[in-house]
Structures are given as C-alpha cells and as structure tokens.
Amino acid sequence: MSLVASNSCDRYEEDVVKEAVRKSVDELGGLDKFVSKDDQVLIKPNLLSPKAPKEAITTHPLVLKAVIELVQQLGAIPVVGESSGGFLVEESLTAQAFDKTGTRDVCQQLDVEMINFDRVATRKVVNPGSTVENFKLPLPVLEADFIISLPKLKTHGLTLFTGAVKNLYGVIPGMKKMEYHRRFPNPNQFMEVIVDILELVGADLAIMDGIIGLAGDGPGSSGIPCEVGSILASNDLVALDIVAASYLGYSDSQIKYLNLAAQRELGIAELNKIRTKGDFSQPEYKKYDLPSNVLLSYLPNFLLRLLSQVLMSKPVIDQQSCTQCKSCLDSCPQQAIVEQKNGEDNHLEIDESKCIKCLCCQEICPFDAIRLKENLLFKFLRYLG
Ligand code: SF4
Ligand code: SF4
C-alpha cells in the first residue's frame, strides 16, 4: 500500500506554504528518511512556459522555496533543473521561464544552481523493451543522488491530467520533446513514452503544488485556475497523481498512463490501495471543468488507437487573439502551422492534414489564441451526460 500525504494550504503566503510542505513531508517520515548530507538533490519543477505564478500554469516559487530550504537544512545540495515546453529557434524558452515564473529569484536568493536541460550535455540511456530505443538524458539527471518532482496540479488536453509523472517529460531537452510527439502521435504510444521516462528517471519523491491548480483545457493558457487548496507528497509518484486527479473529479481508471505505469509496477494506481494522511479533505461542492477530450478516457485502448485522431478536439487559431508572435510555428513538431499571405491579410492557419493533435501549440501559445474545437459526437455526449 502506498502513502500519500495531503495537507490544506489555501494561499500562497510564505509561512503557510512552508508549514504545509513540511507537514506533508513529515507525514512520509521526514526528508531525512530519504536524503543525506552532501547528497546532490535535483528538484524538477513544472515550468511549462514563461508564465507569471498567478496564471497557475507553473509550480509556484514559494513551493519551490520551501522545498529547497528543507533540502538545505539537511546539508544536502539542491539544484533546480528544467526544459520547458515548446521550442524557439532563436531564444531559450526555459531561460525565459526561469525568469517569469519567479524561479530565478528564489534560486538567487538561496544560492541554488539552475540547470537549463536544453543547454547541458546528455548521455544515451538504453532501456530494452521501451517504446523509444534510447533516450538522451541530461547528465545532471543521471548523476543526481536524489530527484524530487515538483509538479503543479493540472488538467492536460492530451493526457487529461499532468502531475508528478508527466512533469518528468521536462527532463527531455527541447527539440527531443517535439520529436517524440512526432514519432508517437497516437495518445497510447505517447503515454508509453511518458511511462518509459518514469521508469528511467525514477524520481524518488514528489511534492505537488495543488494550492491553485488548473482545470478545463490545461495545461497552458487555455486552462482555468482552480482553488484546490492542498500540498501533496509521496514517494510513489503514480499514487500521488491518482489522488490529485481524484480532486479534479477523475476516477482512478481514467488516467491511462498512470494505469500503464501501475501495470509496469512503477506505482499504485488504485485509490483503494492508497493510504492518505493529512488534514486535507475536499469540500463536496468543489467541481471543476475537465478537458474537452475527457471522453477519450472511456474508450478501450484498441478504439483509442484507431479513432483518437478522429475524435480528439482539433486546435484552431483564434485570429482575433493571435498576435502573430509565431511561438507556435517553431514548436509544432509537424510544421503544420503555416503563414497565409494574401495582400494585407497575413495570418496563421493550421493545416489539418498535417496536424497530429499533440496540442504543443496550445500549450505554448502565450495569448490563449489556440482554441480546441470539440468533436461533435463528444460534444453531444457531454451535453447529454
Ligand atoms: S497562435 Fe499564439 S503562439 Fe501562435 S502566433 Fe498566434 S499568438 Fe503566437
Ligand atoms: S498544429 Fe497540430 S501538430 Fe502542430 S503543435 Fe498544434 S496540435 Fe501539434
């Protein structure tokens, strides 16, 4: 049986956050149960894109700060590493995310090194039997004594939920993330890749920022911030995610990649086999919007494999909101976003024949200009039910 600690935390106030993080970690036996003096501890927050903390897209800097301080109190050496989503040819989105999310301020204040995984050496790691024949992982990930996944509680258009496990996809350097989307366009295959990474990276602990999460069509600007009010912790990342997903209204069978991880004995994905500890309990009245693709979770795997591209919501560019910043152009693994030039009317469009509905463009768009057009059948079923 796995243990997930979950404690109430209703606001981003330094002392309140610190206390909730400490309580959740103590309920697992304390950080010193896992980490020793002089250990190199890699902390992996979720810095999906360069967004301010109030947008609830990235791990809040106060949660990061509380965790760094716990590590430093033990005499261990924390480092913070990330490769943000999307890719720009001329700029580093990860460096921008360090700035905009408040991560750089916290790291400078506490004298902690930040590692941009897009800019460090990697080593090839072969995992026989995995979907990707070999992964190139950043050396700081491979060399860390201990890894803490520090996710934000969010919905996700493609995988429906993102938390401690999916956060590890951000150890894959920039362009490679796009390559995996291109090579594994089917959601089933892509979920296998996520589980492969969990198996290889094997984070030792997760502490989740579930104070204000993201509902609706997360994990980017199209999501809706939602007050959940919890800090969760567990050394079973799968179990932690299952508990956090249940706060958003998911049943434990709906998040397929977590079930896949459980089948591969990487964690527990059944709520009745997970013990929760802590003072958090969700009020009955709290209900959140789930992503427009949520009905995919009811499809058996063989149908998901066959029909996902037909049934999934398709991205469309809202021309009124689009500023033509072109961030999505560089970040599309299929080069499906094209510039249309017609006299004075210059705009961007998505070429449906190339689009694999990976939703990278929606994740990265800074202006919430990529909307999801729901499949009519799913829309009707959602209306009925
Ligand atoms: S859709 Fe978004 S990311 Fe793409 S050009 Fe328009 S504003 Fe920029
Ligand atoms: S246009 Fe399609 S393929 Fe390109 S990033 Fe968006 S969803 Fe993915």
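Residues numbered from 1 in each chain as written. Chains lettered and ligands numbered in written order. Predicted model: local features only at pLDDT ≥ 70, side-chain atom pairs only at ≥ 80, totals over all residues. Heavy atoms only, no water.

## Observations concerning unusual backbone geometry
Argument step 1. For the peptide bond that leads from glycine 218 to proline 219, omega is 15°, which places it in the cis range.
Argument step 2. Relative to the elements of secondary structure, proline 219 occurs in the loop between β10 (205-216) and β11 (223-234).
Argument step 3. One non-glycine residue, aspartate 38, lies in positive phi territory at about 70°.
Argument step 4. Inspection of the secondary structure puts aspartate 38 in the loop between α1 (14-27) and β2 (40-45).
Argument step 5. If you check the backbone angles, glutamine 335 has positive phi at about 50° while not being a glycine. (Helix = DSSP H or I, 4+ residues; strand = E, 2+ residues; numbered from the N terminus.)

## Some thoughts on the nonpolar core
Argument step 1. Among the nonpolar cores identified, the biggest contains 67 residues, and Phe161, Ile197 and Tyr257 are the most heavily contacted of them.
Argument step 2. Elements with a minimum of two residues in this core: β6 (134-138), β9 (160-162), α7 (187-201), β10, β11, α8 (237-248), α9 (256-263) and α10 (301-311).
Argument step 3. It is α8 that contributes the most residues to this core, ten residues altogether.
Argument step 4. Split by domain, the residues of this core number at least three in each of domain 1 (2-277) and domain 2 (309-384). (Core = buried A, V, L, I, M, F, W, Y, C linked by side-chain atoms within 4.5 Å. Buried < 20%, exposed > 50% of the residue type's maximum accessible area, 1.4 Å probe, protein only. Domains from an automatic or database assignment.)

## Description of the site of ligand 1
Argument step 1. Every one of the 13 residues lining ligand 1 counts as a neighbour, but Cys322, Cys325, Lys326, Cys328 and Cys365 are closest to it.
Argument step 2. Here the residues of the shell around ligand 1 are counted per class, giving nine nonpolar, three polar and one charged. (Near = heavy atom within 4 Å. Nonpolar A, V, L, I, M, F, W, Y, C, P; charged D, E, K, R; others polar.)

## Thoughts on the site of ligand 2
Argument step 1. The immediate surroundings of ligand 2 are formed by 13 residues, with Cys332, Cys355, Cys358, Leu359 and Cys361 found nearest.
Argument step 2. For the shell around ligand 2, the class distribution of residues is eleven nonpolar, one polar and one charged.

## With respect to the pattern of salt bridges
Argument step 1. Within the structure shown, the criterion is met by 22 salt bridges.
Argument step 2. For aspartate 10, the salt bridge goes to arginine 11, with nearest N and O atoms at 2.7 Å.
Argument step 3. Of the residues examined, arginine 11 reaches a relative accessible area of 38% and is grouped as partly exposed.
Argument step 4. With a closest N to O distance of 3.1 Å, glutamate 69 and lysine 18 form a salt bridge. Of this pair, glutamate 69 sits in helix α2 (residues 61-73) while lysine 18 sits in helix α1, and the two are 51 residues apart along the sequence.
Argument step 5. For glutamate 69, a relative accessible area of 16% translates into the label buried. (Salt bridge = Lys/Arg side-chain N within 4 Å of Asp/Glu carboxyl O.)

## Side note on the packing of aromatic side chains
Argument step 1. Evaluated as defined, the whole model comprises four aromatic pairs.
Argument step 2. Plain terms: the ring middles of tyrosine 169 and phenylalanine 190 are 5.2 Å apart, the flat faces sit at 80° to each other, and that makes the pair edge-to-face. You can see tyrosine 169 sitting in the loop between β9 and α6 (174-183) and its partner phenylalanine 190 sitting in helix α7, a full 21 residues away along the chain.
Argument step 3. Note on phenylalanine 190: relative accessible area 1%, which makes it buried. (Phe/Tyr/Trp six-rings, centres within 6.5 Å; stacked < 30°, edge-to-face > 60°.)

## Thoughts on the domain arrangement of the protein
Argument step 1. In terms of domains, the protein is made up of domain 1 (2-277) and domain 2 (309-384).
Argument step 2. Summarising the inter-unit geometry, the C-alpha centres of domain 1 and domain 2 are found 26 Å apart.
Argument step 3. Each side of the interface is counted separately: domain 1 has 23 residues, and domain 2 has 21 residues.
Argument step 4. Carbon and sulfur atoms supply 58% of the area that domain 1 and domain 2 bury against each other, a total of about 1,700 Å² over both sides.
Argument step 5. Considering only the surface of domain 1 that becomes buried against domain 2, Met178, His181 and Ser222 emerge as the three largest contributors, covering 23% of it.
Argument step 6. There are zero salt bridges connecting domain 1 and domain 2.
Argument step 7. Where domain 1 meets domain 2, there are seven residue pairs in polar contact (both at pLDDT 80 or more). (Contact = heavy atoms within 4.5 Å. Buried area = accessible area lost by both parts, 1.4 Å probe. Polar contact = N/O pair within 3.5 Å; in protein donor to acceptor, adjacent residues only side chain to side chain.)

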